[in-house]
Amino acid sequence: MNTDQRLQQTINDMVDDRRGILAADESAPTIKKRFAAINLESTEATRSSYRSLLLETPGLGEYISGVILFEETLTQANAAGTPLPAVAWHQKIVPGIKVDKGTEALAGAPGDLITKGLDGLADRLVTYVEQGARFAKWREVYPITDINPTPLGLHANAERLAHYAKTCQELGVVPIVEPEVLMDGNHDIARCAVVTEQVLHAVFNVLLRYGVTLEHMILKPNMVLPGKDCRIAPPEEIAEATLNIFRRTIPAAVPSINFLSGGQTPEEATANLNAINQIGGPWQLSISYGRALQQPVLQAWQGKAENISAAQAALLKRARLNSLARLGKYAAVMETKA
Ligand code: 13P
């Protein structure tokens, strides 16, 4: 297969009308924080047990088509000695890899952030592909304040995303392009809409300049939401605001939009996705949730072997309900019935 055929095959394996992506790519400091919440120490062994638990969940491949892993996980194996990327693919879940190295302050733009990790990216990607990764993820982060993101922040972050995405495609790796407008703050939904429009407009402008093939990428955006300290908006309002902005900024050539959960509760994230799919658009509208899929799993697991089945049931439940939300057929009563 040539590079274009490999990219298309990966898109075919990841994009359909009922499945979504599991983000399990927490960096070492982040997974330490998640484990601390259940009084579990983060060690190579506990991280490997946890990620095995996720990927070995019976039936997960019915609802999940891709999993984003952290670098370390690509080299880990389950108890039977099978490498974890192979465990995922055994369930027809495509393994992928987070390739960015986190954020730092953006010089010249107080309050804005920029993501590190472009140095040596092509070399790292070659290794990740050898280890089984077929897609990658890079996240840029945009805090909202009265003055942020600045014009420089919008431009610099878009530039990094496009450079990363083109580097991936040249090596046959499908890029997940993740520009995340943060929920933190007391701004209203209209302000989030304005910022999200500016962000997506800048991102697609620079993707075009780099010659990124839109058919061979996946977009991972935020939903348009009021700030966490403002209020909780009804799903119908969020769906309308989100799709208004998407129609203005995201070409229909992008095959799939997979939302991040960004601090929504699992139930909110599913209800909002459901409302979005009740309206719909020219793209697949799916998930790439981290916390909104994993929070109930960690709570059920507590780091104990005897809780593995309960934890896997919790993951399967969230994955199944989000799959229903993809069809616009989710209802809150299913939370208690399931
Ligand atoms: P959340 O769904 O927890 O926001 O995580 C998604 C993700 O991968 C952030 O980069």
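Note that this is a predicted model, so its numbers are computed, not measured.

1. Observations concerning the site of the ligand
Phase 1: Residues in contact with the ligand amount to 13 residues; listed here are only the nearest, Lys 137, Lys 220, Ser 261, Gly 290 and Arg 291.
Phase 2: A distance of 3.5 Å is found between an oxygen atom of the ligand and a side-chain nitrogen or oxygen belonging to Arg 139.
Phase 3: At 2.7 Å from an oxygen atom of the ligand is found a main-chain nitrogen or oxygen belonging to Gly 290.
Phase 4: Relative to its unbound accessible surface of 300 Å², the ligand loses 91% to contact with the protein.
Phase 5: Among the cavities detected, the one that contains the ligand is the largest pocket.
Phase 6: Counting only elements with at least two residues in the shell around the ligand, the list comes to strand 6 (135-142) and strand 10 (284-289).
Phase 7: Taken together, the residues of the shell around the ligand break down into three nonpolar, four polar and six charged.

2. Here we look at the sheet that holds strand 7 (residues 174-181)
Hydrogen bonds between backbone groups are what pair the strands of a sheet, and the pairing can be parallel or antiparallel.
Phase 1: Strand order in the closed barrel formed by eight strands is 1-2-3-6-7-8-9-10, with parallel pairing between adjacent strands.
Phase 2: In terms of strand pairing, strand 2 (residues 64-69) meets strand 3 (residues 94-98) through four bridges, oriented parallel. Of the residues in strand 3, the one forming a bridge with Val 67 is Pro 95.

3. Looking at helix 7 (residues 151-170)
Phase 1: Spanning 20 residues, helix 7 covers 29 Å between terminal C-alpha atoms, matching the ideal 28 Å at 1.5 Å per step.
Phase 2: Of the surrounding elements, those touching the buried residues of helix 7 are helix 1 (3-14), strand 5 (113-115), helix 6 (121-130), strand 6, strand 7 and helix 8 (189-210).
Phase 3: Taken from the residues just after helix 7, Gly 172 is the one with a positive phi, measuring 80 degrees.

4. Comments concerning the packing of aromatic side chains
Between two aromatic rings, the relevant description is the distance of the centres plus the angle of the planes.
Phase 1: Tallied over the full model, the rule gives six aromatic pairs.
Phase 2: On the numbers, 5.2 Å between centres and 25 degrees between planes, the contact of Tyr 50 with Trp 301 is stacked. Here the residue Tyr 50 occupies a position in helix 3 (residues 44-55), and Trp 301 occupies one in helix 11 (residues 291-301), the gap between them amounting to 251 residues. You'll find Tyr 50 and Trp 301 in the same group, each marked buried.
Phase 3: Seen in terms of ring centroids, Phe 246 and Trp 283 are 6.1 Å apart; in terms of plane orientation they differ by 90 degrees. Their pairing is edge-to-face. On the criterion of sequence distance, the pair formed by Phe 246 in helix 9 (residues 235-249) and Trp 283 in the loop between helix 10 (266-279) and strand 10 is long-range, its members being 37 residues apart. The two residues Phe 246 and Trp 283 agree in class, both being buried.
Phase 4: Cluster of aromatic residues (ring-pair linked, three or more members): Phe 35, Tyr 50 and Trp 301.

5. Thoughts on the side chain of His 187
Phase 1: As for its position among the elements, His 187 is in the loop between strand 7 and helix 8.
Phase 2: In this structure His 187 touches Ile 144, Leu 182, Cys 192, Leu 225, Pro 226, Gly 227 and Cys 230, once residues within four positions along its chain are discounted.

6. Overview of the packing of helix 7 against helix 8
Phase 1: Running from N to C, helix 7 and helix 8 cross one another at 45 degrees; their axes reach a closest spacing of 8 Å. The orientation of helix 7 with respect to helix 8, classified from their angle, is oblique. In terms of crossing hand, the pair formed by helix 7 and helix 8 is right-handed. Listed contacts from helix 8 to Leu 154, His 155, Ala 158, Glu 159, Leu 161, Ala 162, His 163, Ala 165 and Lys 166 of helix 7 are Gln 198, Val 199, Ala 202, Val 203, Val 206, Leu 207, Arg 209 and Tyr 210.
Phase 2: A class-by-class count of the residues in the contact of helix 7 with helix 8 yields eleven nonpolar, three polar and three charged.

7. Some thoughts on the side chain of Glu 335
Phase 1: Mapped onto the fold, Glu 335 is located in helix 13 (residues 334-337).
Phase 2: Within the structure, Glu 335 has its side chain in polar contact with the side chain of Arg 318 (distance 2.7 Å).
Phase 3: Apart from the residues lying within four places of it in its own chain, the contact partners of Glu 335 are Glu 267, Lys 317, Arg 318, Leu 321 and Tyr 330.

8. Topic: the pattern of salt bridges
Phase 1: Under the defined criterion, the tally for this structure stands at 17 salt bridges.
Phase 2: For Arg 139, the salt bridge identified is with Glu 178, shortest N-O distance 3.8 Å. Of the two residues, Arg 139 sits in strand 6 while Glu 178 sits in strand 7, which places them 39 residues apart along the sequence.
Phase 3: With a relative accessible area of 28%, Arg 139 lands in the partly exposed category.
Phase 4: A residue is classified by how much of its surface remains accessible, and Glu 178, at 2% relative accessible area, is buried.
Phase 5: Each of the salt bridges in this network shares a partner with another, and the network as a whole consists of Asp 25, Lys 137, Arg 139, Glu 178 and Glu 180.

What counts and how
- Residues numbered from 1 in each chain as written.
- Predicted model: local features only at pLDDT ≥ 70, side-chain atom pairs only at ≥ 80, totals over all residues.
- Heavy atoms only, no water.
- Near = heavy atom within 4 Å.
- Polar contact = N/O pair within 3.5 Å; in protein donor to acceptor, adjacent residues only side chain to side chain.
- Areas by Shrake-Rupley, 256 points an atom, 1.4 Å probe, with all protein chains shown as cover.
- 1 Å grid on protein atoms, 1.4 Å probe; cavity = no way out; pocket = protein on both sides within 12 Å on 5 of 7 lines; lining within 4 Å.
- Sits in = over half its atoms within 2 Å of the grid points.
- Helix = DSSP H or I, 4+ residues; strand = E, 2+ residues; numbered from the N terminus.
- Nonpolar A, V, L, I, M, F, W, Y, C, P; charged D, E, K, R; others polar.
- Pairing = 2+ DSSP bridges.
- Expected span 1.5 Å × (residues − 1).
- Contact = heavy atoms within 4.5 Å.
- Phe/Tyr/Trp six-rings, centres within 6.5 Å; stacked < 30°, edge-to-face > 60°.
- Buried < 20%, exposed > 50% of the residue type's maximum accessible area, 1.4 Å probe, protein only.
- Axes fitted to C-alpha atoms, helices over the stretch in contact; angles between N-to-C directions.
- Parallel < 35°, antiparallel > 145°, perpendicular 65-115°, else oblique.
- Left-handed = near helix turned anticlockwise from the far one by under 90°.
- Salt bridge = Lys/Arg side-chain N within 4 Å of Asp/Glu carboxyl O.

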